[in-house]
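If you want the building blocks of each chain, they are given just below.
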Amino acid sequence: MIQGRFGDEDELFFELELIADNGLELPVDALLDTGFSGWLAMDTQDLDGLDWTYVKQEKMRTAKGEFDFELYVGKVRIEYLEFDIPVHVGDGVPEILIGRQWLKTRRLVVDMSAGILTLEAS
């Protein structure tokens with residue numbers, strides 16, 4: 001089970017670690033964005049130093065219109081599990097985002113009144 005936290009404006013944040021190609025682990029808070037259909041998205045500047053493998057360019061529809069993203073294979077750790085996942089990288093991504101793909105293998109529990117935010121293995 002992954003414990004999350006609520007942001008100042010009730011955003012849903014979960015801590016994960018980005019794992020660089022050389023093994024360096026960078027803990028980050030990622031915002032759960034249910035409008036994002038992928039696994040992980042980040043700004044171009046956040047990619048620096050990770051040395052992840054570039055795959056291709058891909059168009060995606062966002063709330064601000066259609067944009068070109070560069071797709072990389074990245075490695076992340078959530079709690080004790082490591083995942084090799086596709087990562088959408090583009091200019092102007094305001095936060096590191098995790099998307100709906102995580103909800104295919106995990107159950108999201110949100111109870112703001114009780115202060116409970118978790119992603120549980122299903």
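Cut-offs applied
- Residues numbered from 1 in each chain as written.
- Predicted model: local features only at pLDDT ≥ 70, side-chain atom pairs only at ≥ 80, totals over all residues.
- Heavy atoms only, no water.
- Helix = DSSP H or I, 4+ residues; strand = E, 2+ residues; numbered from the N terminus.
- Contact = heavy atoms within 4.5 Å.
- Buried < 20%, exposed > 50% of the residue type's maximum accessible area, 1.4 Å probe, protein only.
- Core = buried A, V, L, I, M, F, W, Y, C linked by side-chain atoms within 4.5 Å.
- Phe/Tyr/Trp six-rings, centres within 6.5 Å; stacked < 30°, edge-to-face > 60°.
- Salt bridge = Lys/Arg side-chain N within 4 Å of Asp/Glu carboxyl O.
- Pairing = 2+ DSSP bridges.

## Digging into the side chain of His88
Step number 1: Tracing the chain through its elements places His88 in strand β7 (residues 81-90).
Step number 2: Those residues in contact with His88, other than ones at most four positions away along the chain, are Phe36, Leu40, Ala41, Met42, Glu58, Met60, Phe69, Glu70 and Leu71.

## Observations regarding the environment of Thr53
Step number 1: Relative to the assigned elements, Thr53 resides in strand β5 (residues 53-62).
Step number 2: Taking the relative accessible area as the measure of exposure, Thr53 reaches 52% and is therefore exposed.
Step number 3: When the C-alpha atoms of Thr53 and Tyr72 are compared, they prove to be 5.4 Å apart, with 19 residues separating the residues in sequence.
Step number 4: In contact with Thr53, not counting residues within four places along its chain, are Leu71, Tyr72 and Val73.

## A short note on the nonpolar core
Step number 1: One finds Leu16, Leu18, Leu40, Met42, Trp52 and Ile98 to be the most contacted residues of the largest nonpolar core, which totals 25 residues.
Step number 2: Grouped together as the second largest cluster of nonpolar side chains are eight residues, Leu31, Phe36, Ala41 and Met60 included.

## Some words on the packing of aromatic side chains
Step number 1: Enumeration over the complete set of coordinates arrives at three aromatic pairs.
Step number 2: Each ring, one from Trp39 and one from Trp102, has its centre 4.8 Å from the other, and the planes form 90°; the classification is edge-to-face. Taken together, the residues span a long stretch of sequence, with Trp39 in the loop between β3 (25-32) and β4 (40-43) and Trp102 in the loop between β8 (97-98) and β9 (106-111) at a distance of 63 residues.
Step number 3: For Trp39, a relative accessible area of 21% puts it in the partly exposed group.

## Brief notes about the environment of Val110
Step number 1: Looking at the element boundaries, Val110 is found in strand β9.
Step number 2: Between the C-alpha atoms of Val110 and Gly4, which are 106 residues apart in sequence, the distance is 9.4 Å.

## A look at unusual backbone geometry
Step number 1: For Asp10, which is not a glycine, the phi torsion comes out positive at approximately 65°.
Step number 2: Non-glycine residue Asp51 carries a positive phi angle of around 55°.
Step number 3: By secondary structure assignment, the location of Asp51 is in the loop between β4 and β5.

## Here we look at the pattern of salt bridges
Step number 1: A complete count under the given rule lists nine salt bridges for this structure.
Step number 2: Notably, a salt bridge pairs Arg77 with Glu25, separated by 2.8 Å at the nearest N-O pair. With Arg77 in strand β6 (residues 65-78) and Glu25 in strand β3, the pair connects residues that are 52 residues apart, well separated along the chain.
Step number 3: With a relative accessible area of 16%, Arg77 lands in the buried category.
Step number 4: Lys75 is the partner of Glu82 in a salt bridge, and the nearest nitrogen-oxygen pair spans 3.6 Å.

## Thoughts on the pairing of strand β2 (residues 12-19)
Step number 1: Within β2, six of the eight residues are buried, which leaves it mostly tucked inside the rest of the structure.
Step number 2: Note that strand β1 (residues 2-6) and β2 share three bridges and pair antiparallel. From the neighbouring strand, Gly4 faces β2, where its bridge partner is Phe14.
Step number 3: Taken together, β1 and the strand that follows it, β2, pair antiparallel across an intervening segment of five residues, in which Asp10 is found at a positive phi of about 65°.
Step number 4: Pairing between β2 and β3: seven bridges, direction antiparallel. Within β3, the residue paired with Phe13 across the bridge is Leu31.

Bear in mind that shape data such as this cannot, by itself, settle questions of function.
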